[in-house]
Structure formats: C-alpha cells, structure tokens
Amino acid sequence: MEYKQLELNRALLEAVKETDVERAEKLLQEGADPLGGFDEDDLEQSVLHELFIDVACEEKPEGKRLELLRLFLDHGMNISTRNEAVEYDDSLNPVWLMAHVSNESGMRMLKLLLDHGLDVVSAEILFNHIFVDMEVCDGCDIHDEWWMEEWTYSMKMVMLIASYPYILEASSYIRKCVELERNNVSWLPCFRDWNRFAYEIDLSTCDNIPRGLRNAPLHIRDKKTGDTVWTMFI
C-alpha cells in the first residue's frame, strides 16, 4: 500500500475513534478507505474493523458511530471486496467482529448493513462466528447476567440476518442453522423488531456444559402474547 493511502487511512481511523463525522467525510472525499489498512505491518486490520471494536466496548448506544457507518456506505463501501482472503481466515472479513458487538448499537449497525445489501458470504461468516462461539463459550453460566445478555444479542443477530429473504434464498447454511423447515416463516420479518421477543435457552439437554452449548433448544417468545414463535437447537 502506498504511503499516501496509508496516511489517509490512519487519519480516518483517528476520526472514527473521535467520532468526528465531518472530518471522516472529508477524508473519504480525499480517498481514505474504510476497508483499508492503517498499520503497515498489519494491513489486514481495517478502519471498519476498528469501528466495530469501539462499538463492542461501549456501554450506551452511540448515534455518531451509526452515522459513520452510514457515511461509509454512502461513499460506496462494499464489504464483499474483502472476501478474497476469507478462504484461509474468516476473521479478515470486517463483519466477523460483529459477533462481539452485543448491544443495541451492534443491532442497528447490522440492520444498516443488511438494508444496504450485505453480501451473503459476509453474513455467513458472522453467522458461523456466532455459532462457533456458542459452542466453545468456556464457563457458560445461565445465571450469569453478562453471559445471558451476550448470547441473547447473538441470537437477535442470527434472527435479524434470517429475516432478509435475499440472504435465506442464497444460503442453505443459514436456512439449516435456523431450522427454517420446522418453523413458521411468516414470523421472519417480525425479527427486525428484535426487542419484541424474549429468548430462552433450555440447558437440560445440553451435553457440552461448561465448555459451551450443544443440543440446547432455543425458544423465542413473543413478549406480548407469550407464545413461542420459533424454536431451534444450538
């Protein structure tokens, strides 16, 4: 990567960390790349990746970070261009990190990406990371409030992704994971209102505790009616 590009990307990174939307827009106009590297020794780490790290660490929703993501998309950011290297390392895809963004900002960012046509390969990478983490979450404790919140947001992400027809039509992997055939697909669009539902996991049949989850049924209830609207195994 040429020096000028690297410097632009570094400046964009600082603007992201400071949530300086105006400065970020000027840098994008000058040629800064939100999917580009900023460390000459590790060019695989992108500015967008770092934006997700910031969101993962925040305690409260931050509208400016969502505004930055929207700005990146408005300037033509296409995450699918980062998929050439995922054959040997999925974590090189910026969306991989969203599995750790367990909060409302993460949900809004994911929805924004999906509304802008997030590519299916990236969606599958995020899906796979979530399910792998659920299987190897060493020390799972259903009574731990932090753990409960984290896995609940992970499942909200799973169902949000599944609510987009273009994703389901193209991914047999995602259809299988959410057990599409055993559930009422008419509920899928409703999962874009992710806080409408309660997520409950039954550990009584899980055969991998405390190392992680396996063969544990997940029941999703409509908070208004109390009815179970979706069931699948993790």
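The structure we're discussing is the one just above.
Residues numbered from 1 in each chain as written. Predicted model: local features only at pLDDT ≥ 70, side-chain atom pairs only at ≥ 80, totals over all residues. Heavy atoms only, no water.

A.B. asks: What's the story with the overall build of the chain in this structure? I'm lost.
C.D. replies: Tallying secondary structure elements over the chain gives nine helices and three strands in all. Ordering the α and β elements of the chain from the N terminus gives α-α-α-α-α-α-α-α-α-β-β-β. Counting the 234 residues in the chain, one finds 50% classified as buried. Taking as baseline every contact in the chain between residues at least 6 positions apart, the subset at least 24 positions apart corresponds to 67%. (Helix = DSSP H or I, 4+ residues; strand = E, 2+ residues; numbered from the N terminus. Buried < 20%, exposed > 50% of the residue type's maximum accessible area, 1.4 Å probe, protein only. Contact = heavy atoms within 4.5 Å.)

A.B. asks: Help me out: how do you make sense of the pattern of salt bridges in this one?
C.D. replies: If the charged atoms of two oppositely charged side chains come close together, the side chains can form a pair. For the structure shown, the criterion picks out six salt bridges. A salt bridge links E22 to K26, with the nearest nitrogen and oxygen atoms 3.9 Å apart. Separated by four residues within a single helix, E22 and K26 lie in helix α2 (residues 21-30), roughly one turn from each other. With a closest N to O distance of 3.0 Å, R182 and E179 form a salt bridge. With a relative accessible area of 47%, R182 lands in the partly exposed category. (Salt bridge = Lys/Arg side-chain N within 4 Å of Asp/Glu carboxyl O.)

A.B. asks: When you look at the nonpolar core in this model, what are you seeing that I'm missing?
C.D. replies: Within soluble globular proteins, side chains that are nonpolar tend to cluster in buried spots. Counting residues in each nonpolar core, the largest one holds 75 residues, and the members touching the most others are L113, M155, M159 and W230. At nine residues, the largest contribution of residues to this core is made by helix α7 (residues 145-162). If we ignore the near neighbours within four places in the chain, the residues touching M155 are I130, M134, Y199, L218, M232 and I234. (Core = buried A, V, L, I, M, F, W, Y, C linked by side-chain atoms within 4.5 Å.)

A.B. asks: Any chance you could explain helix α4 (residues 63-74) here in plain terms?
C.D. replies: Three- or four-residue spacings in an α-helix give side chains the same orientation, since the helix completes a turn every 3.6 residues. The terminal C-alpha atoms of α4, which comprises twelve residues, lie 16 Å apart, in line with the 16 Å expected from a rise of 1.5 Å per residue. Where the residues of α4 are buried, they touch α1 (3-17), α2, α3 (47-57) and α5 (104-115). Following α4 by one or two positions, G76 adopts a phi angle in the positive range, close to 90°. (Expected span 1.5 Å × (residues − 1).)

A.B. asks: What exactly am I supposed to notice about the pairing of strand β2 (residues 217-222) here?
C.D. replies: On any regular strand, side chains alternate: one points to one face of the sheet, the next to the other face. Relative to β2, strand β1 (residues 197-201) runs antiparallel, the two being bridged by five bridges. Note on β2: the bridge partner recorded for F197 is D222. Where β2 lies against strand β3 (residues 228-233), five bridges are found, and the strand directions are antiparallel. Residue pairing for β3: L218 is matched across the bridge by M232. Connecting the antiparallel pair β2 and β3 is a turn made up of five residues, with G226 showing a positive phi of about 80°. (Pairing = 2+ DSSP bridges.)

A.B. asks: Sorry if this is basic, but what is going on with the side chain of E50 here?
C.D. replies: Relative to the helices and strands, E50 is located in helix α3. Buried within the structure, E50 lacks any salt-bridge partner; its nearest side chain of opposite charge belongs to K17, at an N-O separation of 5.1 Å. With sequence-adjacent residues up to four places away left out, E50 is seen in contact with L13, F38 and Q45. (Lys, Arg positive; Asp, Glu negative; His and termini not counted.)

A.B. asks: Where do I start with the packing of aromatic side chains in this structure?
C.D. replies: How two aromatic rings sit relative to each other is given by the distance of their centres and the angle of their planes. This model, assessed by the stated rule, comprises six aromatic pairs. Relative to F197, the ring of W187 has its centre 6.1 Å away and its plane inclined at 80°; by these criteria the two rings are edge-to-face. Of this pair, W187 sits in the loop between α9 (172-177) and β1 while F197 is found in strand β1, placing the two residues ten residues apart along the sequence. Classification of W187 by relative accessible area gives partly exposed; the value is 21%. Seen from their ring centres, F191 and F197 are 4.6 Å apart, and the 35° between their planes marks the pair as tilted. F191 sits in the buried class, given a relative accessible area of 0%. An aromatic cluster is defined as three or more aromatic residues linked by ring pairs; in this entry it consists of W187, F191, F197 and W230. The cationic tip of K156 hangs over the ring face of Y153; the distance from NZ or CZ to the ring centre is 4.5 Å. Taking the ring centre of Y164 as reference, the NZ or CZ of R192 above it sits at 3.8 Å. (Phe/Tyr/Trp six-rings, centres within 6.5 Å; stacked < 30°, edge-to-face > 60°. Lys NZ or Arg CZ within 6 Å of the ring centre and 35° of its normal.)

Nothing here speaks to function; it is geometry throughout.
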